[in-house]
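# Inside the fold
So you can see what is in the structure, the chains are spelled out below.
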Amino acid sequence: MTGYRVSDVMTRRVVYLPAETTLDEAATVMREADIGDVVVTDGASLAGMLTDRDIVVRAVAERANPSSTTIGSITTREVVMIEQHATAGEAAALMRERGIRRVLVCDSDRKLVGIVSLGDLAMQLDPQSALSEISEQAPTV
(Lines give C-alpha, C1' and ligand atoms only; values in the text may rest on other atoms or scores of the structure.)
Protein backbone atom coordinates (compact mmCIF):
# COMPACT_ATOMS: atom_id res chain seq x y z
CA MET A 1 0.00 0.00 0.00
CA THR A 2 3.05 2.21 0.16
CA GLY A 3 2.63 5.19 -2.10
CA TYR A 4 -1.07 4.72 -2.71
CA ARG A 5 -3.41 7.53 -1.76
CA VAL A 6 -6.99 7.08 -0.63
CA SER A 7 -8.07 8.76 -3.88
CA ASP A 8 -6.37 5.93 -5.82
CA VAL A 9 -8.43 3.17 -4.21
CA MET A 10 -11.72 4.79 -3.14
CA THR A 11 -15.12 4.34 -4.75
CA ARG A 12 -16.12 7.67 -6.26
CA ARG A 13 -19.79 6.87 -6.71
CA VAL A 14 -21.65 7.82 -3.55
CA VAL A 15 -25.37 7.09 -3.22
CA TYR A 16 -27.37 9.38 -0.94
CA LEU A 17 -30.74 8.51 0.60
CA PRO A 18 -32.89 10.63 2.92
CA ALA A 19 -33.30 9.45 6.51
CA GLU A 20 -37.03 8.89 5.87
CA THR A 21 -36.29 6.11 3.34
CA THR A 22 -37.61 2.74 4.48
CA LEU A 23 -35.34 -0.26 4.93
CA ASP A 24 -36.89 -2.15 2.03
CA GLU A 25 -36.42 0.83 -0.29
CA ALA A 26 -32.79 1.23 0.81
CA ALA A 27 -32.09 -2.49 0.38
CA THR A 28 -33.53 -2.36 -3.14
CA VAL A 29 -31.33 0.63 -4.05
CA MET A 30 -28.26 -1.12 -2.63
CA ARG A 31 -29.01 -4.34 -4.51
CA GLU A 32 -29.66 -2.55 -7.81
CA ALA A 33 -26.50 -0.43 -7.50
CA ASP A 34 -24.49 -3.44 -6.23
CA ILE A 35 -23.20 -1.48 -3.23
CA GLY A 36 -22.93 -2.21 0.47
CA ASP A 37 -23.45 1.29 1.85
CA VAL A 38 -25.33 4.54 1.36
CA VAL A 39 -24.87 7.98 2.85
CA VAL A 40 -27.91 9.05 4.85
CA THR A 41 -29.02 12.67 4.67
CA ASP A 42 -31.26 14.77 6.87
CA GLY A 43 -32.29 17.62 4.59
CA ALA A 44 -29.05 19.12 3.30
CA SER A 45 -27.03 17.67 6.19
CA LEU A 46 -25.11 14.43 6.35
CA ALA A 47 -26.80 12.24 8.97
CA GLY A 48 -24.57 9.19 8.78
CA MET A 49 -23.84 6.04 6.84
CA LEU A 50 -25.96 2.92 6.46
CA THR A 51 -24.32 -0.38 5.57
CA ASP A 52 -25.72 -3.73 4.55
CA ARG A 53 -24.48 -4.99 7.91
CA ASP A 54 -26.52 -2.31 9.73
CA ILE A 55 -29.63 -3.62 8.00
CA VAL A 56 -28.93 -7.18 9.10
CA VAL A 57 -27.62 -6.54 12.61
CA ARG A 58 -29.79 -3.61 13.65
CA ALA A 59 -33.00 -4.31 11.78
CA VAL A 60 -33.40 -7.95 10.81
CA ALA A 61 -32.03 -9.26 14.12
CA GLU A 62 -34.44 -6.98 15.98
CA ARG A 63 -37.31 -8.02 13.69
CA ALA A 64 -37.95 -4.47 12.51
CA ASN A 65 -40.63 -4.08 9.84
CA PRO A 66 -38.68 -3.25 6.66
CA SER A 67 -41.58 -1.40 5.04
CA SER A 68 -42.12 0.97 7.98
CA THR A 69 -38.70 1.25 9.66
CA THR A 70 -36.68 4.19 8.35
CA ILE A 71 -32.98 4.08 7.67
CA GLY A 72 -32.57 7.16 9.86
CA SER A 73 -33.61 5.08 12.86
CA ILE A 74 -30.81 2.53 12.43
CA THR A 75 -28.06 4.45 10.64
CA THR A 76 -24.60 4.78 12.13
CA ARG A 77 -24.50 8.43 13.19
CA GLU A 78 -20.78 8.65 13.84
CA VAL A 79 -19.28 9.87 10.59
CA VAL A 80 -15.61 9.07 10.16
CA MET A 81 -13.86 10.91 7.34
CA ILE A 82 -10.40 10.92 5.85
CA GLU A 83 -8.90 13.36 3.38
CA GLN A 84 -8.48 11.99 -0.16
CA HIS A 85 -4.73 12.67 -0.19
CA ALA A 86 -4.11 10.57 2.94
CA THR A 87 -2.20 7.36 2.34
CA ALA A 88 -3.89 3.99 2.07
CA GLY A 89 -1.91 2.98 5.16
CA GLU A 90 -3.38 5.90 7.11
CA ALA A 91 -6.88 4.81 6.04
CA ALA A 92 -6.18 1.24 7.16
CA ALA A 93 -4.86 2.48 10.51
CA LEU A 94 -7.95 4.67 11.00
CA MET A 95 -10.25 1.73 10.27
CA ARG A 96 -8.33 -0.49 12.68
CA GLU A 97 -8.33 2.19 15.40
CA ARG A 98 -12.08 2.83 15.08
CA GLY A 99 -13.09 -0.78 14.40
CA ILE A 100 -14.86 0.12 11.15
CA ARG A 101 -14.81 -1.19 7.59
CA ARG A 102 -15.66 1.96 5.62
CA VAL A 103 -14.61 5.59 5.79
CA LEU A 104 -16.07 8.59 3.98
CA VAL A 105 -13.51 10.44 1.87
CA CYS A 106 -13.46 14.23 1.63
CA ASP A 107 -11.50 16.85 -0.25
CA SER A 108 -9.59 19.68 1.42
CA ASP A 109 -12.87 21.65 1.76
CA ARG A 110 -14.49 18.69 3.63
CA LYS A 111 -16.74 17.98 0.63
CA LEU A 112 -17.60 14.29 0.29
CA VAL A 113 -15.87 12.80 -2.77
CA GLY A 114 -16.03 9.04 -2.14
CA ILE A 115 -15.96 6.08 0.20
CA VAL A 116 -13.04 3.78 0.92
CA SER A 117 -13.64 0.31 2.29
CA LEU A 118 -11.47 -2.33 3.81
CA GLY A 119 -12.10 -4.34 0.64
CA ASP A 120 -10.82 -1.46 -1.53
CA LEU A 121 -7.61 -1.41 0.50
CA ALA A 122 -7.23 -5.21 0.39
CA MET A 123 -7.69 -5.26 -3.38
CA GLN A 124 -4.98 -2.63 -3.80
CA LEU A 125 -2.57 -4.41 -1.48
CA ASP A 126 -2.89 -7.86 -3.07
CA PRO A 127 -5.74 -8.41 -5.55
CA GLN A 128 -5.16 -12.15 -5.94
CA SER A 129 -4.94 -12.84 -2.22
CA ALA A 130 -7.97 -10.69 -1.39
CA LEU A 131 -10.09 -12.34 -4.08
CA SER A 132 -9.07 -15.86 -3.13
CA GLU A 133 -9.70 -15.15 0.55
CA ILE A 134 -13.18 -13.80 -0.18
CA SER A 135 -14.06 -16.75 -2.39
CA GLU A 136 -12.84 -19.20 0.26
CA GLN A 137 -15.19 -17.60 2.79
CA ALA A 138 -18.18 -17.59 0.46
CA PRO A 139 -20.75 -20.30 1.21
CA THR A 140 -21.00 -23.04 -1.35
CA VAL A 141 -24.37 -23.47 -3.00
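Residues numbered from 1 in each chain as written. Predicted model: local features only at pLDDT ≥ 70, side-chain atom pairs only at ≥ 80, totals over all residues. Heavy atoms only, no water.

The protein chain has the name CBS domain-containing protein in an unreviewed UniProt entry, where Micromonospora azadirachtae is given as its organism.

Further remarks concern a nonpolar patch on the surface. Together, Tyr-16, Leu-46 and Val-79 give the surface a local cluster of nonpolar side chains, amounting to about 240 Å² of exposed area. With respect to the helices and strands, the residue Leu-46 is situated in strand 3 (residues 45-51). With a relative accessible area of 37%, Leu-46 lands in the partly exposed category. (Patch = residues over 30% accessible without salt bridge, like charges linked within 9 Å, V, L, I, M, F, W, Y side chains within 5 Å. Areas by Shrake-Rupley, 256 points an atom, 1.4 Å probe, with all protein chains shown as cover. Salt bridge = Lys/Arg side-chain N within 4 Å of Asp/Glu carboxyl O. Helix = DSSP H or I, 4+ residues; strand = E, 2+ residues; numbered from the N terminus. Buried < 20%, exposed > 50% of the residue type's maximum accessible area, 1.4 Å probe, protein only.)

Here we take up the environment of Ala-33. Take Ala-33: it is sitting in helix 2 (residues 23-33). Judged by its relative accessible area of 18%, Ala-33 falls in the buried class. Between the alpha carbons of Ala-33 and Val-15 there is a distance of 8.7 Å; along the sequence they are 18 residues apart.

To continue, consider helix 4 (residues 88-98). Of the residues making up helix 4, those classed as buried are Ala-88, Ala-91, Ala-92, Leu-94 and Met-95. The arc that holds the buried residues of helix 4, viewed along the axis, is 160 degrees, so those residues lie on one side. The outward face of helix 4, more than 90 degrees from its buried face, is lined by the exposed residues Arg-96 and Glu-97. Phi for Gly-99, located one or two positions after helix 4, is positive at around 70 degrees. (Arc of directions from axis to C-beta.)

Time to look at unusual backbone geometry. A positive phi angle, close to 55 degrees, is found at Asp-34, a residue other than glycine. Locating Asp-34 in the fold gives a position in the loop between helix 2 and strand 2 (37-42). The class of Asp-34 is exposed, set by a relative accessible area of 72%. Of note in the backbone geometry, Arg-110 takes a positive phi value of approximately 65 degrees without being a glycine.

Every regular strand shows the same layout, with side chains that alternate between the two sheet faces. For strand 2, the buried fraction is high: 5 of the 6 residues fall into the buried class. Here strand 1 (residues 16-18) runs beside strand 2; their pairing, made up of 3 bridges, is parallel. Paired with Pro-18 across the two strands is Thr-41, which belongs to strand 2. At this point the chain moves from strand 1, through helix 2, to the parallel strand 2, and the crossover so formed is right-handed. Here strand 2 hands over to strand 3 after 2 residues, with Gly-43 in that stretch at a positive phi of 65 degrees. (Pairing = 2+ DSSP bridges. Right-handed = clockwise from strand over helix to strand, strands pointing away.)

Once that is clear, we can look at the sheet that holds strand 4 (residues 81-83). Pairing is mixed across the open sheet formed by 3 strands, whose spatial order is 4-5-6. Two strands bound the open sheet, and with one partner strand each, they are strand 4 and strand 6 (112-117). Sheet twist, expressed as the average angle between the axes of neighbouring strands with direction ignored, equals 35 degrees. Packed onto the sheet, helix 4 meets strand 4, strand 5 (102-106) and strand 6 and runs at close to 165 degrees relative to strand 4. (Axes fitted to C-alpha atoms, helices over the stretch in contact; angles between N-to-C directions. Contact = heavy atoms within 4.5 Å.)

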